[in-house]
Amino acid sequence: MKIAYQGIVGSFSHRTLAGHAGEKVGLPTFREVYEAVLNGEADLGLLPIENTLAGTIYETIDLLSQGDLKIVGELHTKVEHSLLALPGAKISHVLSHPKALAQCTKLFADHPEWTPVPHYDTAGAAADVAASGDPTLAAIANRSAAEIYGLDVVSVGVQDHDENYTRFYLISKMATTGSKGSLCFTLDHEPGKLAEMLNLFAKLGINLTYIVSRPIVGKPFEYLFYVDLENANKLPIIEGKILGTYETISHWRD
């Protein structure tokens, strides 16, 4: 069993898979994770869908809605960011994944002399800071990355709020069953069509837990709607593309 995730050892995606059996394979991008599963190079893939501070990860929605892989599980991780640097650092630039930077806006407001620098991965940022030998660089990452890559922990809990969680999907070629489900659908561009769909969910006793819209490529100002819901056994009644039925299989805290 191989599980692909975005990032390297010490990233939050890697830490989320702690305790799950199988070989963990780190890849640079979300698309590469998706394609590894699609091409049979991995049995499962782990993709983040939303963070409670930074919001939706739209690339995941686009990959799922445009492709054929299925959601087979949901995982939640409590995210605590730490500021990591070389001993004796004089920080001027802070590297991390864009979503991590977006979760730490207060840190940069308190230190306007620090420049946030987007990086493909939190743990990757820590590894690059360590390899650079540059005392002006720091990284925002899981504090375990400090020990892994030989950095000092300058500060713990630098995210904007302590209640910071990321929700992930496990994806696979093979569908599963469960009480939760995800669906995407389009509607005629007419008044009241979305209200009609929402009323149908209500009449069927389906509780929507998450809903976002995404622009349809090639159809300006038309949208695809993506929803997560409970009572997934009633999904076949709804017209749309079923992206998976599944359960929440784990919660992870550092």
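Structure first, text after, so check above.
Residues numbered from 1 in each chain as written. Predicted model: local features only at pLDDT ≥ 70, side-chain atom pairs only at ≥ 80, totals over all residues. Heavy atoms only, no water.

Section: the sheet that holds strand E14 (residues 223-230)
Filter applied, for reference: Any two strands between which DSSP finds at least two bridges are classified as paired. Helix and strand definitions follow DSSP, with helices as H or I runs of at least four residues and strands as E runs of at least two, each counted in order from the N terminus. Orientation is described by lines fitted to C-alpha atoms, with helices fitted over the stretch in contact, and by angles between N-to-C directions that extend from 0 to 180 degrees.
One open sheet accounts for four strands, arranged E13-E14-E12-E15; its pairing is antiparallel. Where the open sheet ends on each side, the last strands, each with one partner, are strand E13 (208-215) and strand E15 (241-246). Averaged over all neighbouring strand pairs, the angle between strand axes comes to 15 degrees, with direction disregarded. The pairing of E13 with E14 spans seven bridges and is antiparallel. Counterpart to Val-212 in the pairing with E14 is Tyr-226.

Quick notes on the packing of aromatic side chains
What counts here: Only Phe, Tyr and Trp rings take part, Trp by its six-membered ring, and two of them pair if their centres are within 6.5 Å. Stacked means planes under 30 degrees apart, edge-to-face means over 60, and tilted covers everything else. The rule is simple: take the accessible area with a 1.4 Å probe, protein chains only, and divide by the maximum for that residue type; under 20% is buried, over 50% is exposed, in between is partly exposed. In this scheme, Lys NZ or Arg CZ marks a charge over a ring once it lies within 6 Å of the ring centre and within 35 degrees of the ring normal.
What the rule picks out here adds up to four aromatic pairs. Here Tyr-210 and Tyr-226 contribute two aromatic rings whose centre-to-centre distance is 6.3 Å and whose plane-to-plane angle is 85 degrees, an arrangement assigned as edge-to-face. Residue Tyr-210 is located in strand E13, and its partner Tyr-226 is located in strand E14; the two are separated by 16 residues in the primary sequence. For the pair Tyr-210 and Tyr-226, a shared accessibility class is recorded, and that class is buried. Feature note: the residues Phe-185, Phe-201 and Phe-225 constitute an aromatic cluster, connected by ring pairs. Seen from the ring of Tyr-165, Lys-78 lies directly overhead, with NZ or CZ sitting 5.9 Å from the centre. The ring of Tyr-210 is capped by Arg-167, whose NZ or CZ atom sits 5.0 Å from the centre of that ring.

What about empty space enclosed by the protein?
Filter applied, for reference: Two kinds of site are reported from a 1 Å grid over the protein atoms alone, namely cavities, where a 1.4 Å probe fits but cannot get out, and pockets, open sets with protein on both sides within 12 Å along at least five of seven lines, and residues are called lining when an atom falls within 4 Å of a point. Grid points are joined across faces, edges and corners, and a volume is the space filled by probe spheres set on the points. When residues are grouped by polarity, Ala, Val, Leu, Ile, Met, Phe, Trp, Tyr, Cys and Pro land in nonpolar, Asp, Glu, Lys and Arg in charged, and all others, Gly among them, in polar.
According to the stated counting rule, one finds one cavity of 30 Å³ or more in the structure shown. Volume-wise, the largest cavity comes out at about 270 Å³. Considering the residues around the largest cavity, the lining is formed by 19 residues, among which Phe-12, Pro-48, His-97, Lys-99 and Thr-166 are closest to the centre. Secondary structure elements with two or more residues in the lining of the largest cavity: helix H1 (12-16), strand E3 (44-51), helix H4 (98-102) and strand E11 (165-172). Split into classes, the residues belonging to the lining of the largest cavity amount to eight nonpolar, nine polar and two charged.

Digging into the pattern of salt bridges
In plain terms, the rule: The rule for a salt bridge is simple: a side-chain nitrogen of Lys or Arg has to be within 4 Å of a carboxyl oxygen of Asp or Glu.
Enumeration over the complete set of coordinates arrives at eight salt bridges. A cluster of three or more residues bridged by salt bridges with shared partners is formed by Glu-50, Glu-74, Arg-167, Lys-180 and Asp-228.

With respect to the side chain of Asp-121
The condition is simple: A residue counts as positive if it is Lys or Arg and as negative if it is Asp or Glu; His and the chain ends are not included. Pairs of N or O atoms are called polar contacts if they sit within 3.5 Å, as long as, within protein, a hydrogen donor faces a hydrogen acceptor (for residues adjacent in sequence, only side-chain-to-side-chain pairs).
When you line up the elements, Asp-121 lands in the loop between strand E8 (115-118) and helix H6 (122-132). Here Asp-121 is buried and forms no salt bridge, its nearest opposite-charge partner Arg-15 lying at an N-O distance of 12 Å. Within the local environment of Asp-121, its side chain forms a polar contact with the backbone nitrogen of Ile-8, the two atoms lying 3.2 Å apart.

Details of the side chain of Asn-142
The topology assignment puts Asn-142 in the loop between strand E9 (137-141) and helix H7 (144-149). Take Asn-142: its relative accessible area is 1%, and that puts it in the buried class. Of the polar contacts made by the side chain of Asn-142, one reaches the side chain of Ser-144; its length is 2.8 Å.

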